[in-house]
Amino acid sequence: MFIPREVLQKYEIAGKIAREVREEIKNSVHEGMPLIDICEKVESLIRKKEGKPAFPCNVSINEIAAHYTSPPLDKQVIPKDSIVKVDIGAHIDGYIADTAITICFS
């Protein structure tokens, strides 16, 4: 199967953006932090790096395995001694890269 070079380049750029955002966000997340702040920071970083969010940032805590997206005006914060999963997706012209990180505070 032939994949045009420009398509591969868009995947590579999207992957680089997602990886960089994942590495930046892992040092920013802390107990007591509002989930909506994490979501807004992730999506802002993606845009700053000239990508677009592929989907709303997901921040899932403890027994919630995945796909919790903070709604507008969400007041939920990261509880003490929790496990936090942050799922990040970036795209360039619809070519998506997806990555996640798990952070353990216990």
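Worth saying up front: this structure is predicted, and the values here are computed from it rather than measured. Numbering of residues starts from 1 in each chain and follows the order in which that chain's sequence is written. Local features are withheld for residues below a pLDDT of 70 in this predicted model, meaning they are given only at 70 or higher, and side-chain atom pairs are given and counted only at 80 or more; totals for whole chains, interfaces and linings count all residues. Based on all heavy atoms of the structure, the side-chain values leave hydrogens and waters out of the count.

Some thoughts on the overall build of the protein
At step 1: Counting from the N terminus, the helices are DSSP H or I runs at least four residues long and the strands are E runs at least two residues long. A tally of regular secondary structure across the protein gives two helices and four strands.
At step 2: In sequence order, the protein lays out its α and β elements as α-α-β-β-β-β.
At step 3: The dimensions of the protein, computed from C-alpha atoms along their principal axes, are 50 × 25 × 20 Å.
At step 4: The buried label goes to any residue with under 20% of its type's maximum accessible area, the exposed label to any with over 50%, and the partly exposed label to all in between, with areas taken from a 1.4 Å probe on protein chains only. By the burial criterion, 40% of the 106 residues in the protein qualify as buried.
At step 5: Working rule for contacts: check all heavy atoms of both residues, and any pair within 4.5 Å makes them a contact. For the protein, contacts bridging at least 24 residues in sequence account for 60% of all contacts bridging at least 6.
At step 6: Per-residue accessibility takes into account occlusion by the displayed protein chains alone, with areas from the Shrake-Rupley method and a 1.4 Å probe. Summed over its atoms, the accessible surface of the protein is roughly 6300 Å², and 55% of this surface lies on carbon and sulfur atoms.
At step 7: We treat Lys and Arg as the positive residues and Asp and Glu as the negative residues; His and chain ends play no part in the count. The atoms used to mark charge sites are NZ of Lys, CZ of Arg, CG of Asp and CD of Glu. Measuring between centres, the 14 positive side-chain charges of the protein sit 4 Å from its 16 negative side-chain charges.

With respect to the nonpolar core
At step 1: In plain words, nonpolar cores are sets of buried Ala, Val, Leu, Ile, Met, Phe, Trp, Tyr and Cys residues tied together by side-chain atoms within 4.5 Å. Among the nonpolar cores identified, the biggest contains 25 residues, and Ile-38, Val-42 and Val-86 are the most heavily contacted of them.
At step 2: Among the elements of the structure, α1 (5-26), α2 (35-48), β2 (58-61), β3 (83-92) and β4 (95-104) are those that each provide at least two residues to this core.
At step 3: Sort the elements by how many residues they give to this core and α2 lands first, with six residues.

Notes on the packing of aromatic side chains
At step 1: Within 6.5 Å between ring centres, the rings of Phe, Tyr and Trp (the latter by its six-membered ring) count as paired, and their orientation is classed by plane angle as stacked under 30 degrees, edge-to-face over 60, tilted in between. Considering all chains together, one arrives at one aromatic pair under this definition.
At step 2: An angle of 75° between the planes, with centres 5.2 Å apart, marks the rings of Tyr-11 and Tyr-95 as edge-to-face. With a gap of 84 residues between them, Tyr-11 in helix α1 and Tyr-95 in strand β4 connect regions that are remote in the sequence.
At step 3: Its relative accessible area of 40% is what places Tyr-11 among the partly exposed residues.
At step 4: Using a relative accessible area of 25% as the deciding quantity, one classes Tyr-95 as partly exposed.

Everything listed here is a matter of coordinates, which is why it stays silent on function.
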